[in-house]
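What the coordinates show
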Amino acid sequence: NEKVLRAFVSTFPMEGLSLLAALRMFLESFRLPGEAQMIDRILQCFADMAHGLCVDARKFPTVDCTYLLCFSIILLNTDLHNPNIRPERKMTFDGFVLNNKNYGAEVSKGQDM
């Protein structure tokens, strides 16, 4: 239920935190489900809240930028800790920056992150 999810997300004191600190605090409280659609809903709700409260997220031109960066951070963490991913296939710092530098005209409003 979306109302329950929004109420749950609103219980986290994100104001003044960095996006990464808020995301860590949020994700430490539960285990993400395995279904991509459920993860999408949870992260969208988190991004909606974090975009207005987190210190650095306010600098992002849209909520979608906040959402995409959060999703990318989770993928980076999965990539780092998944033993099934060969070392030569793991994401590099440069690869992460390149993937998240600019999400396109509609999402980033022409602004590099």
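First things first, this report covers the structure right here in the doc. (Residues numbered from 1 in each chain as written. Predicted model: local features only at pLDDT ≥ 70, side-chain atom pairs only at ≥ 80, totals over all residues. Heavy atoms only, no water.)

Per the counting criterion, the structure on display carries 7 aromatic pairs. Seen in terms of ring centroids, F8 and F26 are 6.0 Å apart; in terms of plane orientation they differ by 45°. Their pairing is tilted. Residue F8 is found in helix α1 (residues 2–9), and its partner F26 is found in helix α2 (residues 19–27); the two are separated by 18 residues along the sequence. Accessibility expressed as a relative area gives 0% for F26, which makes it buried. Between F26 and F30 the ring centres are 5.1 Å apart and the planes differ by 75°, which places this aromatic pair in the edge-to-face class. Owing to a relative accessible area of 24%, F30 belongs among the partly exposed residues under this scheme. Among the aromatic side chains, those forming a connected cluster through ring pairs are F8, F12, F26, F30 and F46. (Phe/Tyr/Trp six-rings, centres within 6.5 Å; stacked < 30°, edge-to-face > 60°. Helix = DSSP H or I, 4+ residues; strand = E, 2+ residues; numbered from the N terminus. Buried < 20%, exposed > 50% of the residue type's maximum accessible area, 1.4 Å probe, protein only.)

Looking at the largest pocket, its volume works out to about 410 Å³. As for the largest pocket, its lining consists of L20, L23, R24, L27, E28, F30, R31, L32, I73, I74, N77 and T78. (1 Å grid on protein atoms, 1.4 Å probe; cavity = no way out; pocket = protein on both sides within 12 Å on 5 of 7 lines; lining within 4 Å. Points joined across faces, edges and corners; volume = space filled by probe spheres on them.)

Counting 27 residues, the largest nonpolar core has M14, L19, L23, L43, F46, C54 and L69 as its most contacted members. At the level of elements, α1, α2, α3 (36–53) and α4 (63–81) are the ones that each hand at least two residues to this core. For this core, the element with the highest residue contribution is α3, accounting for 7 residues. Beyond its immediate stretch of four places on either side in the chain, L23 contacts L43, F46, C70, I73 and I74. (Core = buried A, V, L, I, M, F, W, Y, C linked by side-chain atoms within 4.5 Å. Contact = heavy atoms within 4.5 Å.)

Let us now look at the packing of α2 against α4. Packing of α2 against α4 leaves a shortest axis separation of 11 Å and a crossing angle of 60°. In this structure, the crossing between α2 and α4 has a hand that is right-handed. The residues of α4 that touch α2, namely those facing L19, L20, L23 and L27, are T66, L69, C70, I73 and I74. Per-class residue counts for the contact of α2 with α4 are 8 nonpolar, 1 polar and no charged. (Axes fitted to C-alpha atoms, helices over the stretch in contact; angles between N-to-C directions. Left-handed = near helix turned anticlockwise from the far one by under 90°. Nonpolar A, V, L, I, M, F, W, Y, C, P; charged D, E, K, R; others polar.)

Right, let's get into the pattern of salt bridges. Oppositely charged side chains may form a pair once their charged atoms are brought near each other. Scanning all chains against the criterion turns up 3 salt bridges. Measuring nitrogen to oxygen at the nearest pair gives 3.2 Å for the salt bridge that ties R6 to E2. Of this pair, R6 and E2 both sit in helix α1, 4 residues apart, which is roughly one turn of the helix. Exposure remark for R6: the relative accessible area of 34% places this residue in the partly exposed category. A salt bridge links R6 to D48; the shortest N-O distance between them is 3.1 Å. Note that R6 is positioned in helix α1 and D48 in helix α3, a separation of 42 residues in sequence. (Salt bridge = Lys/Arg side-chain N within 4 Å of Asp/Glu carboxyl O.)

On their own, these measurements won't tell you what the molecule is for.
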